[in-house]
Amino acid sequence: MFGAIAGDVIGSYFEGFPTKRTDFTMFQAGTRFTDDTVLTVAVADCILNGLDYAKTFREYARRYPNAGYGRMFRRWANSESPDPYNSFGNGSAMRVSPVAFAIDNYDCMMKEAKRSSIVTHNHPEGVKGARAIASAIYWARMDQGKPFIKEQVQARFGYDLSPTLDQIRPDYDFDETCPGSVPQAIIAFLESDDYEDCIRKAISLGGDSDTIACMAGGIAEAYYRFIPEYIVQNVKKLLDPDLLRVINQFHQRFMLTKEK
């Protein structure tokens, strides 16, 4: 889960200052956690404590009101209605990583990924995006190779993972939908050499950089099982104690990642 959070934090600066390069400086002034981190931790809290997703998402959104939520989510979080809003934005996929790290049975994991999605993102594409990212993380955790992950994502979810980053990058722009960002995040992982390389490649696409790096980072953490210590420490400095408490509890119960 921390790999997804670190991707969000590192990518946050570049949402405002997009880059098409991989040799950028990490942790520039203005780097922060965003709604991706807040809602990822909220999902972890729900799994740890058996909480209701909709209620918990609202509580976290009110606790962290300036995290950069999308317009539709912000309206939902502040409304009296608990009804979802048929979104196919990537919010469902950016927050799903704890589900894939916590649940060892694939079918149960897929059901929970849907449950975490449909309280807001009940559009079929929103559910599909969350399930695709969760599946990639799950298969990476289970020591499946990149060819298997690529083949299964394409077969089960219909995403085209054949374009390369070099083909995508020149014309890629901001796209916060699942169809327009989930495949790109998975491709960034598939082309990566290690965790940091994955984050750099995800951000180098430009666009919704924090969320693409968040989604790719969760897969990379599961696959490489190593996050450089300087990334871990710099990210932790930017998180508040309440978020860190839930993250630490989740890692103690579910995670096997080696952070060195």
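Quantities reported herein were computed from a predicted structural model and do not represent experimental measurements.

Rules and cut-offs
Residues numbered from 1 in each chain as written. Predicted model: local features only at pLDDT ≥ 70, side-chain atom pairs only at ≥ 80, totals over all residues. Heavy atoms only, no water. Helix = DSSP H or I, 4+ residues; strand = E, 2+ residues; numbered from the N terminus. Rg over C-alpha atoms; globule rule 2.2 N^0.38 Å. Buried < 20%, exposed > 50% of the residue type's maximum accessible area, 1.4 Å probe, protein only. Contact = heavy atoms within 4.5 Å. Areas by Shrake-Rupley, 256 points an atom, 1.4 Å probe, with all protein chains shown as cover. Lys, Arg positive; Asp, Glu negative; His and termini not counted. Charge placed at Lys NZ, Arg CZ, Asp CG, Glu CD. Disulfide = S-S within 2.5 Å. Expected span 1.5 Å × (residues − 1). Phe/Tyr/Trp six-rings, centres within 6.5 Å; stacked < 30°, edge-to-face > 60°. Lys NZ or Arg CZ within 6 Å of the ring centre and 35° of its normal.

Draft legend 1. Spatial organisation of the overall build of the protein chain. Across its full length, the protein chain carries 15 helices and two strands. For a compact globule of 260 residues, the expected C-alpha radius of gyration is about 18 Å, and the protein chain comes in at 16 Å, within 12% of that figure. With the C-alpha coordinates aligned to their principal axes, the bounding extent of the protein chain is approximately 45 × 40 × 35 Å. Expressed as a percentage of the 260 residues in the protein chain, the buried residues total 60%. Considering only contacts within the protein chain whose residues lie at least 6 apart along the sequence, 74% involve residues at least 24 apart. Entry remark: accessible area of the protein chain is about 10,800 Å², with carbon and sulfur atoms responsible for 48%. Computed over 30 positive and 34 negative side-chain charges, the inter-centroid distance for the protein chain is 4 Å.

Draft legend 2. Up close: the state of the cysteines. Counted by the stated rule, this structure contains zero disulfides. Of all cysteine sulfurs, the one in Cys198 lies closest to Cys214, which takes part in no disulfide; the gap is 11 Å. Taking relative accessible area as the criterion, Cys214 reaches 1% and is therefore assigned buried.

Draft legend 3. Broad picture of helix 2 (residues 35-49). An ideal rise of 1.5 Å per residue puts 21 Å on 15 residues; helix 2 measures up with 21 Å between its terminal C-alpha atoms. Within helix 2, 14 of the 15 residues are buried, which leaves the element mostly enclosed by the surrounding structure. Phi turns positive, to about 65°, at Gly50, one or two residues after helix 2.

Draft legend 4. Up close: the packing of aromatic side chains. If you walk through the whole model with that rule in mind, you get 15 aromatic pairs. Between Phe33 and Tyr64 the ring centres are 5.9 Å apart and the planes differ by 85°, which places this aromatic pair in the edge-to-face class. Taken together, the residues Phe33 in the loop between helix 1 (2-16) and helix 2 and Tyr64 in the loop between helix 3 (53-63) and helix 4 (71-77) connect sequence positions 31 residues apart. Taken as a pair, Phe33 and Tyr64 share a single burial class, namely buried. Judged by centre distance (4.8 Å) and plane angle (50°), the ring pair of Phe250 and Phe254 falls under tilted. Remark: Phe254 and Phe250 occur in helix 15 (residues 241-254); sequence separation between them is four residues, near one turn of the helix. Residue Phe254 is classed as partly exposed on the basis of its relative accessible area, which comes to 22%. Here the aromatic cluster, defined as three or more aromatic residues joined through ring pairs, consists of Tyr13, Phe14, Phe17 and Phe24. Over the face of the ring belonging to Tyr159 we find Lys128, whose NZ or CZ atom lies 4.7 Å from the ring centre. Positioned over the ring face of Phe189 is Lys146, at 5.2 Å from the centre of the ring.

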